[in-house]
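Single-letter residue listing:
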Amino acid sequence: MQKKDQQSVLLDVADGRVAVTVRNAAAEHSAVVERSVDAGLVTHVPIGTRNADHLRMTLDDAPVLLTPGPGRLSRRSYHVTVVHGDITYHLRPKSPDTSRLVRNGRTIAEFKRESQTEIKVWWTKDVEVSAADAAIGYALARRLRHRRPALPRVVAGIQRVARAGLAP
């Protein structure tokens, strides 16, 4: 594994597909996340679906197990789990625009959506990150990030008012 700052990242984004190649001095790894062509398009989901049956992810052309959460009302439901060999990754929403990448129970990065096309990453200090880790993280953050659900905030506000005994 190499230091994070010694990596170069190439993104290829198309409708329903993202391919990420990460190179460092020791290795090059590519991760691809894609939606099947027969999947119905859900417009509020960045890749078009959260149905695992209609999603495919590979690392260096080998399939990995990809399990997106249902993406319902709670932010937490927008998590994504990937299993590659003996490594388990979780992309977990932290805020409306930020997600945390966890590898085998330890946070290795935070990805923040700056705009519709730009994602910034902050790698955890003193954690070695491989090109494979980075490729998986970038691919998940680019295509399976959560969207800001507006309804839960309204519902939570109504619930707080109701618990306080005030009229909505």
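Up top is the structure these notes are about.
Remember, it's a predicted structure, so these values are computed and weren't measured experimentally. (Residues numbered from 1 in each chain as written. Predicted model: local features only at pLDDT ≥ 70, side-chain atom pairs only at ≥ 80, totals over all residues. Heavy atoms only, no water.)

Visitor: It is not clear to me how the pattern of salt bridges should be interpreted in this structure. Could you clarify?
Guide: Opposite charge on two side chains makes pairing possible when the charged atoms of those side chains draw close. Taken as a whole and assessed by the stated rule, the structure comprises seven salt bridges. Ionic pairing is found between Arg23 and Glu28, a salt bridge with its closest N-O pair at 2.4 Å. Assessed through its relative accessible area of 43%, Glu28 is described here as partly exposed. The residue Glu34 makes a salt bridge to Arg56 at a minimum N-O spacing of 2.7 Å. Taken as a pair, Glu34 in strand S3 (residues 28-35) and Arg56 in strand S4 (residues 55-59) lie far apart in primary sequence, 22 residues in all. (Salt bridge = Lys/Arg side-chain N within 4 Å of Asp/Glu carboxyl O. Buried < 20%, exposed > 50% of the residue type's maximum accessible area, 1.4 Å probe, protein only. Helix = DSSP H or I, 4+ residues; strand = E, 2+ residues; numbered from the N terminus.)

Visitor: Help me understand the nonpolar core in this model?
Guide: Inside soluble globular proteins, nonpolar side chains tend to come together where they are buried. The biggest cluster of nonpolar side chains holds 31 residues, and the ones touching the most others in it are Met57, Leu66, Phe111, Trp123, Tyr138 and Leu140. Going through the elements one at a time, strand S2 (17-23), S3, S4, strand S7 (80-84), strand S8 (87-93), strand S10 (106-113), strand S11 (119-123) and helix H1 (131-143) are the ones with two or more residues in this core. Ranked by the residues each element gives to this core, the list is headed by H1, at nine residues. (Core = buried A, V, L, I, M, F, W, Y, C linked by side-chain atoms within 4.5 Å.)

Visitor: Which parts of the structure should I look at to understand the environment of Val32?
Guide: Following the sequence through the fold, Val32 ends up in strand S3. With 27 residues separating them along the chain, Val32 and Leu59 place their C-alpha atoms 6.6 Å apart. Not counting residues within four places of it along the chain, the set of residues in contact with Val32 comprises Arg17, Val18, Ala19, Arg56, Met57 and Thr58. (Contact = heavy atoms within 4.5 Å.)

Visitor: Looking at this structure, how should I read the packing of aromatic side chains?
Guide: Given two aromatic rings, one states the distance between the centres and the angle between the planes to describe the pair. Following the criterion strictly, the structure yields three aromatic pairs and no others. Relative to Trp123, the ring of Phe111 has its centre 5.9 Å away and its plane inclined at 80°; by these criteria the two rings are edge-to-face. Here the residue Phe111 occupies a position in strand S10, and Trp123 occupies one in strand S11, the gap between them amounting to 12 residues. Considered together, Phe111 and Trp123 belong to a single accessibility category, that of buried residues. Ring geometry for Trp123 versus Tyr138: centroids 6.2 Å apart, planes at 70°, classification edge-to-face. Pair noted here: Trp123 is in strand S11 and Tyr138 is in helix H1, with a separation of 15 residues, a long-range link. When its relative accessible area of 18% is taken as the criterion, Trp123 is described as buried. Residue classification places Tyr138 among the buried residues on the basis of a relative accessible area of 16%. Among the aromatic residues, those joined into a ring-pair cluster are Phe111, Trp123 and Tyr138. (Phe/Tyr/Trp six-rings, centres within 6.5 Å; stacked < 30°, edge-to-face > 60°.)

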